[in-house]
Amino acid sequence: MKDPLELETGADDRRRIAPSALTRRKFLGWSSVGVLGLGLEACSKPPPEDIVPYVRRPPEVVPGVATFYATMCEREGYAFGLLGESHEGRPTKVEGHPLHPASLGATGIREQAAIGALYDPDRARGVKRNGHTASYQDLAELLDPRGAAPWVERRGEGLHLLLQPTSSELVAAQLAALRAAYPSLTVHFDSGGWTPPEWGATRDVLGDVFDLRHDLSHADVVVALGSDFMSGSGPEGVGPARQLARRRGATQPSDSMPRLYVVESAVSVTGASADHRLPLPEGELGRFAAELLRAVGGAGKEGPRHQSGHADFVDALARDLTAHRGRCAVLVGRRQPPEVHALGIALNATLECLGKTVLPTPPVLLDAGSRAWDPARLTDALERDAVDTLLVLGGNPAYSGPAGFRQLLMKARERIYLGRYENETAQLATAFVPEAHFLESWGDGRALDGTLTVQQPLIRPLFDGKTASEILALLLGQRGANARRLFYAHFEPRHADLGELLAQGLAPGSALTPAEPKVSSAAVARALGRIPPEPRTALELDVLPDPRLGTGSDGNVPWLLELPEPVSKLVWDNALLVAPALAKREGLTTGDVVRVSRRGDHVEIPVLVQPGQAPGAVCAWLGWGRSGAESNVRGKGVDVSPLRMAESPFLVVGVKLEKTGRRHQLVTTQQEGSQHGRPIALRKSRAEWKAEPDFARPQNEDPDSILPDRLHGSPQWGMAIDLSKCTGCSTCVIACQVENNVPVVGKGQVALGREMHWLRIDRYYEGSEDNPRVDSQPMACQHCEKAPCEYVCPVNATVHSPDGLNEMVYNRCVGTRFCSNNCPYKVRRFNFYNYNQHPPPILELSKNPDVTVRGRGVMEKCTYCVQRIRRAQIDARIARKRLADGDVVTACQQACPTRAIEFGDVSDPRSKVSQAQHNRRAYAVLNEVGTVPRTRYLARIDDENPEVGS
C-alpha cells in the first residue's frame, strides 16, 4: 500500500532519493574531523590532516552547547559575513556576523537556508570523466601544466577560464600567477550573461569604474528606481534597509521620518514598504529618470523632452528632492542599463548627494570593468572555435546564460566543470568535479565597502568537494595543495596574527575610502540621447531574480521552494505576473497557461493576476524550469531563458501573449487579501497620526474579564513587532523553520491548507487593484495570557508556563484540534503525516538538537524559541548573574534585516520590548476577543507627500 502522503500530495512532492550510504562510522568520522579541525582553525597553527577518533574532547567543545565560528558567503562576488553554529562538529544554522558591514548580525533568505543546501542529498558525489566515474588524479593529469594539452605549448592559447564573480585575494594571486605563466590565457567572469551596468555608467560619468554604496542613515527622501534594496538581498547587504528602517520607527508624531518613493514594474519588498509607489514597466524607468533629472534642474534642459506620462508625480517628487538637497538619495536597480545608471548618478550629483548618501567606492571584484566581464567575449570565442579547454568554476552558465549559450558550450573540445550538482552545465561537461559548499571551504572576500572577510569551514567536505582555488592550483602544477594550505600560504605572510583574523572573521579598518570624482556633463548628455523620448507601446517581459531562489543556484532546497513569495504568496512554482487591467483585456485568470512569444521563440507559463503590476509589462522569475539532477526543483516552474536576449537579459520588448486553453494549479498560502475593515494590520499616514495621536489605544486596552491576570513574577516574556520597519521579506519565516525543525510538506499538502510554517507573513491590499497599498504582518502564536486554546484542550496538552509562554506538551497531544478551532489567530499547525519519517540519513544532520522533532498527529506552533530562553537561563545561572535585556534573542528577531522585532521581559519597564509595547503606536490584534496576547504590534506610519495624488 502506498504511503498516504504520496497519495495525498503526488509523487512530485516526495523526496525519491536513494538512501545515502551514510553510516554511523562515517558520521562519527565527519563529526570528529569537524570538531577537531574547527577547534584548531581559530588558531594560527594549521590543524593536522589525519582523521582521529573523537575520544579526547577538545577543551572548547562542550557536548550539547553550540559553538560559533566566523565565516562568510559570497553574494554576486561580494563577501557577506556570517556566524556558523556547530554542534559537536555538525553545522546546524547560520546567523549574520554582527560586526560585518553587509550583515550587521542579520541575514537574508538564502543564507538562512544554507544548511539545507549543505546537507542536500542531491549534491554531486564524485569526479566524472565523459559521464563515467573517475578520480581527482585524472582531473589533475588533465590540467597538469606538464601534460599534453594543446594550450600548454601555446602558453595558454585556447584555455579559457569562466569564474563566478569574486573578490578573493587568494584567487586574485592565483590568476596573476597563471597569467604570468600563460600570457595567452583568457579569463571570463559569469554574472548571469550580463555586464554589471553601473561600472559602465561610472566609467563614462565619473571617469573611472566604481561601486556605488549608500548611506541612508541621514536621508530624508529616498527614491528607488527598480531597486529592491529593502529586501537586504543584494551585494550591499542589509545596511541601507537597516538605516532607513531605524528612522521609520517613530515614537511621536513629531519625530522625523524618511520618505520612500518606489518606481517599479512588479510589487517588490521595497515597493510594499513605500510611502508612494508608481507601477511602471522596467523599460520606462530611463524615461522617468530623464524627466526627473530635468525637473530637479540637472542636465537635459536642451534636446528632446522625455515624457513618462506621470508629470504630476514627477513634479511633486522633484520638489521633495530639491527641498532635501544633500539629505536624499536615488537608487537604481542592477537590472537597469548603463544609461539609466548614468542618469541616477547625475540625479545624485545634482541633488548634492555624492559623497554623502551615495558613495562611489573603488571596486573590489576581480577585473571589475574589464573585458573579462563581457559575455560576448566568450560567445565570440566559442563561435570561432577558438576554445580548446573551457574550465567553468562554479555557477550554472548552461542554465543562467542567454538563449543559445547551451549549444555554444558544446563547441569547446574540453569542458571541465566544478559544481555542486550534476545540473544542466554538468550534463554538457567532459569532466566534472563536485564543488565544496561555503560551509566546507577555506577562502576570503571583500564586502562592497572593501572590508576583508575570511571564510573558514565548519565541517570537512561531505562529498570530497573542491574549491575554485584548488582547481586553479592544479593549473599551477600544485597537485598536493588543498584549500587550507593555499589559504595559510597566502595569508600567513600578510597577517601577523592570523588566528585573530580567523577568530573575528574580518579585518577591522580594511574598508576602502570613498572617492570624490567629478561628473561629466557630456557623458550625461550622451546617456540622455540613448533614451527614446516617447513611451513604448509594445508589451514587455521583465525577467526578475526570484526573491527566494535568486537565479537558481540554491533552488533545490525545499525550505525555499515552500517559502511563500513575499507578495504573491506563491509556493513551489513561478508564474507570469499580469496586471488586473491587462488580464481583463486579454480574458486571463490566474492559472491560465499562456504562450509568451517573441520572434519565433516562446515559452508556456501559467498566469498569476497580481495587483499593483505595471499594466504595460508582464514579469517572470528566474530560477525555475530546471532539468538537472536536483530532484526537488526539477520540473517545477518554467524556464524563461529562451526569451532572454544577450544584449538585454532582463528586459524583453515586444512579446505577445496567446491563451493555450490549458490550466495549471498555482498554490498560494493566502487567498484573501482584504482586512474587511478590521483593525488587524493598522496603518496610518503621518497626518492622521498627528490628528489622532492615540489612535491605537482602543486596540491596546485589555477588555474586562472574569479570568485572573497571569502576569506574576519575572521574567515575563513578550514580543513587539514594528510594522513601520517590517518589510515582509520572509527571512524570519525561514529562520524559524530552520531553528525549530519545521517540516516541509509539499505542494499538494499546501494546496489543502496544511502548510507547517510556525510563522507566516500575512499580506493585505488596500485601495485600487491597479496600485494598492500593501501591508505585511508577521503572525505567529500570540502567547495569549488568557489563551482560548488552553480552555478547550481535553488532555491539558497546551498549558501556560509561569513566565508567560503558551506551551505545547507534545506527548500529551492526541490531535483533537480543538485548540486550532478555538484560536482566533489561526497560528497552530497540525502535522497530518510524519513528515520526518525515513528521510535520507544526511537530512538528519540538519536538525537542531535543541528542539524536539515531532512525530505525526500533534499540534505545533511558535514557542518564542523556548530552547533559547532556557539556554540563556542556564548560562546565567552558571555565571551566577541575572538575565540582562538582550540575552535572549529569538530566531526571527536575530535574522530580521531591519530589526523590526523586539523580544524580552515585558515586566521590566527598562527592557526594549516593554518600551516598544508602551509606544503610542502599540496595539494588540483582535484584542476585543479578550485573549490578552503577549505579542503586540506597532502600527505602520506612512510619511506621505500631500502633493502626490493617491
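Given the structure is predicted, the values throughout are model-derived calculations rather than measurements. (Residues numbered from 1 in each chain as written. Predicted model: local features only at pLDDT ≥ 70, side-chain atom pairs only at ≥ 80, totals over all residues. Heavy atoms only, no water.)

**Q** I tried to follow the packing of helix 7 (residues 169-181) against helix 18 (residues 483-491) on my own but got confused; where do I start?
**A** How two helices sit against one another is set out by the angle between their axes and by the gap between those axes. Between helix 7 and helix 18, the least distance of the axes is 10 Å, while the angle of their chain directions is 85 degrees. The orientation of helix 7 with respect to helix 18, classified from their angle, is roughly perpendicular. Contacts between helix 7 and helix 18 involve Glu-169, Leu-170, Ala-173 and Gln-174 on the former and, on the latter, Leu-486, Phe-487, His-490 and Phe-491. (Axes fitted to C-alpha atoms, helices over the stretch in contact; angles between N-to-C directions. Helix = DSSP H or I, 4+ residues; strand = E, 2+ residues; numbered from the N terminus. Parallel < 35°, antiparallel > 145°, perpendicular 65-115°, else oblique. Contact = heavy atoms within 4.5 Å.)

**Q** So what exactly am I meant to see when it comes to the packing of aromatic side chains here?
**A** The description of two aromatic rings rests on the distance between their centres and on the angle between their planes. Per the stated rule, a full pass over the model turns up 15 aromatic pairs. Considering the side-chain rings of Trp-151 and Tyr-182, the 5.5 Å spacing of their centres and the 80 degrees angle between planes classify their relative orientation as edge-to-face. Placement of Trp-151 in helix 6 (residues 150-153) and of Tyr-182 in the loop between helix 7 and strand 7 (186-189) is noted, with a sequence separation of 31 residues between them. With respect to class, Trp-151 is no different from Tyr-182; both count as buried. Plain terms: the ring middles of Trp-199 and Trp-373 are 4.8 Å apart, the flat faces sit at 90 degrees to each other, and that makes the pair edge-to-face. A residue pair is termed long-range when its members are at least 10 positions apart, and Trp-199 in helix 8 (residues 197-206) and Trp-373 in the loop between strand 13 (358-361) and helix 14 (375-383) qualify at 174 residues. These aromatic residues form a ring-pair network of at least three members: Trp-442, Phe-487, Tyr-488 and Phe-491. The cationic tip of Arg-626 hangs over the ring face of Tyr-399; the distance from NZ or CZ to the ring centre is 4.8 Å. Here Arg-817 stacks its cationic end above the ring of Phe-830, 5.2 Å away from the centre of that ring. (Phe/Tyr/Trp six-rings, centres within 6.5 Å; stacked < 30°, edge-to-face > 60°. Buried < 20%, exposed > 50% of the residue type's maximum accessible area, 1.4 Å probe, protein only. Lys NZ or Arg CZ within 6 Å of the ring centre and 35° of its normal.)

**Q** What exactly am I supposed to notice about the nonpolar core here?
**A** The tendency in soluble globular proteins is for nonpolar side chains to be buried as a group. In terms of nonpolar packing, the biggest core is built from 101 residues, with Tyr-825, Tyr-864, Tyr-923 and Val-925 touching the most fellow members. With 5 residues, the single largest contributor to this core is helix 24 (residues 731-739). Within the second largest apolar cluster, 56 residues are counted, among which are Phe-210, Val-296, Val-332 and Cys-353. (Core = buried A, V, L, I, M, F, W, Y, C linked by side-chain atoms within 4.5 Å.)

**Q** Explain the side chain of His-100 here, please?
**A** Here His-100 is to be found in the loop between strand 3 (90-96) and helix 3 (109-112). Judged by relative accessible area, which is 0%, His-100 ranks as buried. The residues touching His-100, leaving out its near neighbours within four places in the chain, are Ala-79, Phe-80, Gly-81, Ala-447, Thr-453 and Leu-506.

**Q** Honestly, the pattern of salt bridges in this entry has me stumped. Any pointers?
**A** Where side chains of opposite charge bring their charged atoms close, a pairing between them can arise. Inspection of every chain in the model, using the stated rule, returns 52 salt bridges. In this structure, Asp-220 engages Arg-247 in a salt bridge whose closest nitrogen and oxygen atoms are separated by 2.7 Å. Taken as a pair, Asp-220 in the loop between strand 8 (211-214) and strand 9 (221-225) and Arg-247 in helix 9 (residues 239-248) lie far apart in primary sequence, 27 residues in all. Take Asp-220: its relative accessible area is 14%, and that puts it in the buried class. A salt bridge links Asp-908 to Arg-910; the shortest N-O distance between them is 3.4 Å. Overlapping salt bridges, with partners in common, bring together Lys-93, Glu-95, Glu-739 and Arg-868 in one network. (Salt bridge = Lys/Arg side-chain N within 4 Å of Asp/Glu carboxyl O.)

**Q** I tried to follow the sheet that holds strand 10 (residues 259-264) on my own but got confused; where do I start?
**A** In a beta sheet, neighbouring strands pair by backbone hydrogen bonds and run either parallel or antiparallel. The sheet built from 4 strands is open, its strands ordered 11-10-9-12 with parallel pairing. The sheet terminates laterally at strand 11 (276-279) and strand 12 (328-332), the two strands that pair on one side only. If you compare each strand with its neighbour and ignore which way they point, the axes differ by 10 degrees on average. In this structure, strand 10 lies alongside strand 11, joined through 4 bridges in parallel fashion. The residue of strand 11 that forms the bridge with Val-263 is Leu-278. (Pairing = 2+ DSSP bridges.)

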